[in-house]
Amino acid sequence: MLSVITEITASEREAKRKWDGNQVRQVLQGDVKAFWELMESYYPVFYHIALGYLRQPELAEDTLQEGVMAIYQGLPGLKDPDHFGSWAYTVIRRKAIDASNRARKEKRLESQGDPTITRALRSFSGGNSIQSDPVKQAQYQQLWDAVNRLGAKYRDPIILHYFHGYTLEEIGQTLGLTANAVAMRLRRGREALRQEMEGKES
Amino acid sequence: MRFFHFQKDKWILGYLWNQLTPSAREAFERHLEGCSACRAQLEKEKNLESLLHETGEYMAPEKEGLDDLKAKIGPLPPYEYVEIKEKSSKTPLYRQFAFQSVAVMAVMALVALLIWMGIPRIEPVKVDKLVGKGLLITSINTGVTKPYNRGDRLYRGDILRTQPGTRAVLKVGNLGTIWVQQGTQIAFLGQENSEFSVDSGEIWVQVDRHGNPFRVHTPMGKVSVMGTEFRILIKEGYLTVACLKSKVKLENEYGNVIINQGWKSYAKPGMAPKDPVKASGGNDWRNQVDYYGKQNPEQQKLSYLQLMKLARENYSKGDYADAWKYYAWASVLRPESPRVWQGMGYSSGHIDQIQRAKKEFLASYNLDSDSFGVDWICGSVFLDTGDYSMAEMMMRRMIQEKPQYHGCWLLVGEACMAQGQYDEARNCYNKAWITGVKDCECCYKRYLIDMAYMASLSGNKAELNAYMSKWPKDLSVQSFNWCYVARTYQRLGSIQGERSAWYKYMKMNPQGPFAKEARARLDKLENM
């Protein structure tokens with residue numbers, strides 16, 4: 001399983017940004033391996049973001065394919081390689097929105113959450129201590145479905161912050177918002193999640 | 001820093017995300033020690049926080065996904081050396097002269113500011129704070145009256161009217177501040193908006209800048225300001241002017257008076273102003289509009305909900321005085337809500353503020369008679385204030401909802417008896433007996449008193465003695481029951497019992513419908 005960044009300090013984030021920049025520079029000097037190393041660190045975020053828009057793993061994978069190609073081709077135009085993360089997020093998000101619009105036209109996308117998301121991801125689950133508890137597993141899946149039912153406005157900050165450890169300031173930079181606005185979105189998103197979870201429990 | 005409960009969600013998350021300032025964090029931790037609700041919510045939020053983190057970890061995609069992606073994309077063509085257009089270390093020309101150009105612009109702005117400050121101009125009147133939605137403006141230019149919306153500009157000569165339940169704070173340029181009470185009509189005149197006319201209602205004025213001719217015209221006279229803070233009230237044809245700081249001059253065509261700090265004077269049409277007398281109190285609404293007027297409608301809604309919650313909590317604890325206080329504050333924010341007035345009525349009823357309770361019940365009933373909830377306190381309040389037909393009507397409405405509740409039958413019986421309908425009253429008392437009045441201590445006392453009085457009226461001594469023998473020692477009942485106790489003793493010729501009952505009545509309800517009778521009887525008994 002790919003590691004998911006959960007608890008990362010500001011200095012570690014800064015180091016990660018520098019590392020991103022170096023990788024981009026190496027790619028532009030002909031090192032394709034450096035690109036795949038970069039993708040390995042971003043794949044979980046991109047996958048979750050795309051899945052949030054598309055709700056079907058196979059559509060998300062197709063979109064990621066397009067997105068990763070676009071990122072590779074767009075690298076020479078990137079003005080600040082240290083900000084690769086927020087730029088790449090934007091590329092993936094746009095691709096996901098386009099794909100979702102296309103799919104909606106073709107009526108391939110259901111309006112409600114698709115149970116296949118949970119099913120597909122469940123098959124990935126490994127054997128660590130959290131996942132061996134069936135009650136916990138059910139809770140995770142329920143929460144995961146609830147997150148995916150939120151609008152993108154609240155879903156993306158939750159995915160970035162809770163699933164991938166981005167700080168409020170980083171999400172703000174990525175989404176073009178202030179940290180306070182991100183905090184407000186997180187608060188409202190959590191409120192919606194809490195209501196949904198409590199509603200289901202009762 | 002103060003912690004406000006209605007913002008608790010923001011504080012709890014701020015605390016969790018380490019975003020509070022040290023003083024705010026300390027204030028919140030202090031609050032947490034004493035608030036179990038906040039502690040419970042914090043715990044809930046922590047659980048959700050960790051559950052979200054764990055979900056992210058659990059739902060992470062497998063590495064094979066990336067390998068599949070690599071396979072689908074295939075080998076990527078490597079870039080031949082691409083130069084990155086990163087920021088140059090050489091400062092561009094426009095940057096080299098940036099400081100000079102900013103400095104020139106700053107000097108120009110300063111000169112423009114100085115010129116602008118030197119030009120005399122009329123500061124507009126602004127609505128600084130507003131509680132309620134009923135602020136109407138009649139435009140001097142078009143004559144059209146429309147509700148005020150935030151940001152509307154007020155012009156000299158426009159007439160402002162606050163409807164019931166609406167209060168406002170006006171800023172008159174840099175001259176001062178005016179607090180406008182509900183039901184007030186005010187218009188701004190004069191060169192610097194420093195003169196205005198008030199036709200009705202109440203205002204408080206605070207003058208910030210001196211040396212300006214600040215004058216208020218009213219139908220009963222003119223108020224010239226020599227001081228800094230004063231209050232004007234026009235009610236029932238009288239003008240009252242109270243001075244809170246420095247001096248105020250009140251004059252009309254018949255004479256004038258100077259009112260000093262802490263004094264007030266009266267005037268009415270066709271009469272010179274009265275000599276000043278000592279003034280006191282009356283600024284509660286000013287504090288309320290200052291506090292809630294700062295809030296936007298969303299915050300006002302939250303404050304209202306918070307106040308209603310506090311009021312209900314205090315009411316259920318039996319702390320009726322505090323419950324009334326919170327309901328009263330809520331009524332400032334939502335005077336149109338019948339629930340608020342009803343809550344005030346019930347709270348007042350419990351603390352024997354009978355006249356006040358009646359006014360509050362009527363306010364609630366007039367706002368929404370269909371959903372007006374009735375119970376025996378409400379019925380008792382109307383009985384205590386002598387409004388028997390209203391009490392009967394309300395309790396009969398309650399009988400339709402709860403025909404098996406003895407309290408309704410008892411109160412209808414009392415209302416009928418007070419109106420002289422003894423047969424109907426007896427029927428109702430019978431119903432009360434059937435529905436179990438005997439099992440309720442407080443109602444049974446009232447039942448025994450009423451039945452004894454009925455027996456004394458009909459001259460049935462055996463029945464009278466039978467009921468009186470069952471009277472408990474502690475006869476704590478409503479005020480009008482004391483009237484019947486007194487009358488029963490009067491018929492029996494017991495001076496001691498009658499005097500004690502009338503005293504009880506006067507203590508509980510000195511403005512009640514039997515107060516005159518009580519006073520007359522007590523005077524007579526003193527001379528016996």
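Residues numbered from 1 in each chain as written. Chains lettered and ligands numbered in written order. Predicted model: local features only at pLDDT ≥ 70, side-chain atom pairs only at ≥ 80, totals over all residues. Heavy atoms only, no water.

## Remarks on the interface of chain B and chain A
- Listed per partner, the contact involves 41 residues of chain B and 60 residues of chain A.
- Carbon and sulfur atoms supply 68% of the area that chain B and chain A bury against each other, a total of about 5,000 Å² over both sides.
- Among the residues chain B hides against chain A, the three largest losses belong to Tyr58, Met59 and Tyr79 of chain B. Together they make up 17% of the total.
- For the interface between chain B and chain A, the tally reads 4 salt bridges.
- Between Glu45 of chain B and Arg194 of chain A there is a salt bridge, with its nearest N and O atoms 2.9 Å apart.
- Run the count over chain B and chain A and you get 11 residue pairs in polar contact (both at pLDDT 80 or more).
- Going through the elements one at a time, α1 (8–16), α3 (36–58) and α4 (63–73) of chain B are the ones with two or more residues in the side of chain B that touches chain A.
- Top contributing element to the side of chain B that touches chain A by residue count: α3 of chain B, with 13 residues.
- Residues belonging to the side of chain B that touches chain A are distributed by class as follows: 20 nonpolar, 6 polar and 15 charged. (Contact = heavy atoms within 4.5 Å. Buried area = accessible area lost by both parts, 1.4 Å probe. Salt bridge = Lys/Arg side-chain N within 4 Å of Asp/Glu carboxyl O. Polar contact = N/O pair within 3.5 Å; in protein donor to acceptor, adjacent residues only side chain to side chain. Helix = DSSP H or I, 4+ residues; strand = E, 2+ residues; numbered from the N terminus. Nonpolar A, V, L, I, M, F, W, Y, C, P; charged D, E, K, R; others polar.)

## Observations concerning helix α8 (residues 168–175) of chain A
- All of the buried residues along α8 of chain A are Leu168, Glu170, Ile171, Gly172 and Thr174 of chain A.
- Once α8 of chain A finishes, Gly176 of chain A follows within two positions and takes phi at roughly 75 degrees, a positive value. (Buried < 20%, exposed > 50% of the residue type's maximum accessible area, 1.4 Å probe, protein only.)

## Here's the deal with the confidence of the model for chain A
Residues and elements named next belong to chain A.
- Across chain A, the average pLDDT comes to 79, with 80% of residues at 70 or higher.
- Per-element confidence in chain A is highest for helix α3 (residues 57–74), whose mean pLDDT is 90, and lowest for helix α5 (residues 115–122), whose mean pLDDT is 43.
- Across residues 1–7, where pLDDT falls below 50, the model places 28 contacts with residues more than four positions away in sequence or in other chains.
- Low pLDDT (under 50) marks residues 111–130, which in the prediction has 38 contacts with non-local residues, meaning those over four places away or in another chain. (pLDDT = per-residue confidence, 0-100.)

## Focus: unusual backbone geometry
All names here are of chain A.
- Although it is not a glycine, Arg55 adopts a positive phi angle of roughly 65 degrees.
- Among the secondary structure elements, Arg55 is positioned in the loop between α2 (32–54) and α3.
- Since its relative accessible area comes to 15%, Arg55 is described here as buried.

## Brief notes about the nonpolar core
- Phe35, Trp36, Met39, Phe46, Ile71 and Phe84 of chain A together with Leu52 of chain B are the most contacted members of the largest nonpolar core, which totals 66 residues.
- The element best represented in this core is α2 of chain A, accounting for 16 residues.
- When residues no more than four places from it in sequence are discounted, the contact partners of Ile71 of chain A are Phe35, Met39, Phe46, Phe84, Trp87, Ala88, Val91 and Ile92 of chain A.
- Among the nonpolar cores identified, the runner-up in size contains 62 residues, and Ile354, Leu448, Ala452 and Ala455 of chain B belong to it. (Core = buried A, V, L, I, M, F, W, Y, C linked by side-chain atoms within 4.5 Å.)

## Quick notes on the packing of aromatic side chains
- Counting across every chain of the model gives 22 aromatic pairs over all chains.
- Here Phe35 of chain A and Tyr72 of chain A contribute two aromatic rings whose centre-to-centre distance is 4.9 Å and whose plane-to-plane angle is 70 degrees, an arrangement assigned as edge-to-face. Placement of Phe35 of chain A in helix α2 and of Tyr72 of chain A in helix α3 is noted, with a sequence separation of 37 residues between them. Each member of the pair, Phe35 of chain A together with Tyr72 of chain A, is buried.
- Cluster of aromatic residues (ring-pair linked, three or more members): Phe35, Trp36 and Tyr72 of chain A together with Tyr79 of chain B.
- The ring of Tyr304 of chain B carries Arg334 of chain B above its face, with NZ or CZ at 4.4 Å from the centroid.
- Cation over ring: Arg356 of chain B sits above Trp324 of chain B, and NZ or CZ is 3.7 Å from the ring centre. (Phe/Tyr/Trp six-rings, centres within 6.5 Å; stacked < 30°, edge-to-face > 60°. Lys NZ or Arg CZ within 6 Å of the ring centre and 35° of its normal.)

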